[in-house]
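# Close look at the chain arrangement
Chain by chain, the residues:
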Amino acid sequence: MSARDSMEKDFYAMLGVGKDATAAEIKKAYRKLARKLHPDKNSGDAKSEARFKEVSEAYDVLSDPARRAEYDEARALFAGGGFRSGGRRSGGGGPYAGGVNQEDLQRQGGGPGGLFGNIFGGASAARGRAPRRGGDLETEVTLAFADAVRGVTVPLHLAVPASCAPCGGSGARAGTAPRTCTGCGGSGSVMHAQGGFALSEPCRDCRGEGSVIDNPCPECRGTGTATKERTITVRIPAGVADGQRIRLRGKGSAGAQGGPAGDLIVTTRVRSHPVFKRSGDHLTLTLPVTISEAALGAEITVPTLTEPVTLRIPPGTSSGRTFRVKGRGVERQTGAVGDLLVTVEVTVPQQLSSSARAALETLATEQPGGELRAHLAAEPHRG
């Protein structure tokens, strides 16, 4: 995409945010649109795919503070008439159009050091030589249920890009070196005069790098980077949920030209537990009890993720009743701790001894089921 194309596009409008939007607001707007327009959700929809590319392009520029500032400055110049051709500057005429001397534009527009090269090309070239933040890395870690609740320290094995050892990161074969690009003079950008405009674009000869490698390193094929395995130990905080993403600052790819490292984003996958389930900060447990325990009451030992506790079941407890055990749930970094919620499930025996059957028959005589359902029979049927 050319610089002129960039200036003619309103990236803020594409994302549906104002020009004074914060970085967080821009990120939120992009994520919402990306989820809605992602090709995986709109298979075969060319319009959604094109829109997805637009919002991605807009976010790519506006999420980078340096590129956003450059974009805003250039848009302001265009909006103010600084790059319009054919008009007259207020209070004067002659060779000026929109406040820009057309002769200077034509004379200086051909190289990166010209009038508009300082505005567009200079910024792009400076960004290429300036320290750059490393890229973010993503990985997944699978945790046992108890480790996710309590927190755990785990080793992560990563394949990350690093400087190629044989060429020292230059991308050129050992004993050689990249040469300065003659097409752009090492700036990484070239100027083109188009209909009264002087626009900066990445140099095609060096692809915006400012240098050309004639004899690439056979190990990295001229990229200057190689994939290396490394292991880092990270602390997963207590209370992480399945699918949660954790950002570890400075644990990603190394920066270029002394820039800061990127981040490592870890997605947690939590295994299911044979006994416990999770509901927010609470743990849940289904407790089977016999008819006699529910009817007469009982004290039952209940497991937790630490040590067992004794739960008192009062006489006449119905199936489905839930009891709360304080402080036996999920602990957060804030210090807040959830509870263990125990739900009673009265089980019905599949086989009965003669004495047990006789006891239940006596109970049925003393407490007929019809009495429990009397309110249902009293309610008239309504179609």
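Scope of this entry: the structure provided in the associated data block. Note that the structure is a prediction, hence the values are computed from the model and not measured.

### Some thoughts on the state of the cysteines
Cysteine pairs can be covalently joined through their sulfur atoms, and such a bond is termed a disulfide. The final tally for this structure, using the stated rule, is zero disulfides. A disulfide-free cysteine, Cys164 has its sulfur positioned 3.7 Å from the sulfur of Cys167, the nearest such atom. A relative accessible area of 1% means that Cys164 is categorised as buried. Residue Cys167 is classed as buried on the basis of its relative accessible area, which comes to 10%.

### Observations regarding the side chain of Thr267
As for its position among the elements, Thr267 is in strand 11 (residues 264-270). If we ignore the near neighbours within four places in the chain, the residues touching Thr267 are Thr139, Glu140, Val141, Gly243, Gln244 and Arg245.

### Notes on the nonpolar core
The tendency in soluble globular proteins is for nonpolar side chains to be buried as a group. By size, the foremost hydrophobic cluster in this structure holds 22 residues, and its most contacted members are Leu287, Val302, Leu311, Leu340 and Val342. If one sorts the elements of this core by residue count, strand 13 (residues 282-289) sits on top with four residues. In contact with Val342, other than residues within four places in its own chain, are Leu285, Leu287, Val302, Leu311, Arg321, Thr322, Phe323 and Val325.

### Overview of the packing of aromatic side chains
Across all of its chains, the model carries three aromatic pairs by this definition. Between Phe11 and Tyr71 the ring centres are 4.8 Å apart and the planes differ by 25 degrees, which places this aromatic pair in the stacked class. Of the two residues, Phe11 sits in helix 2 (residues 11-15) while Tyr71 sits in helix 5 (residues 65-79), which places them 60 residues apart along the sequence. Residue class for Phe11 comes out buried when judged on its relative accessible area of 1%.

### A few points about the pattern of salt bridges
Using the criterion set out here, one finds 17 salt bridges in the structure. Residue Asp339 is joined to Lys326 by a salt bridge in which the shortest nitrogen-to-oxygen separation is 4.0 Å. One end of the pair, Asp339, is in the loop between strand 16 (322-325) and strand 17 (340-346); the other, Lys326, is in the loop between strand 16 and strand 17, and 13 residues separate them in sequence. Take Asp339: its relative accessible area is 8%, and that puts it in the buried class. Residue Lys326 is classed as exposed on the basis of its relative accessible area of 63%. Salt bridges sharing partners connect three or more residues here, namely Arg133, Asp136, Arg247, Arg249 and Asp263.

Calculation rules
- Residues numbered from 1 in each chain as written.
- Predicted model: local features only at pLDDT ≥ 70, side-chain atom pairs only at ≥ 80, totals over all residues.
- Heavy atoms only, no water.
- Disulfide = S-S within 2.5 Å.
- Buried < 20%, exposed > 50% of the residue type's maximum accessible area, 1.4 Å probe, protein only.
- Helix = DSSP H or I, 4+ residues; strand = E, 2+ residues; numbered from the N terminus.
- Contact = heavy atoms within 4.5 Å.
- Core = buried A, V, L, I, M, F, W, Y, C linked by side-chain atoms within 4.5 Å.
- Phe/Tyr/Trp six-rings, centres within 6.5 Å; stacked < 30°, edge-to-face > 60°.
- Salt bridge = Lys/Arg side-chain N within 4 Å of Asp/Glu carboxyl O.

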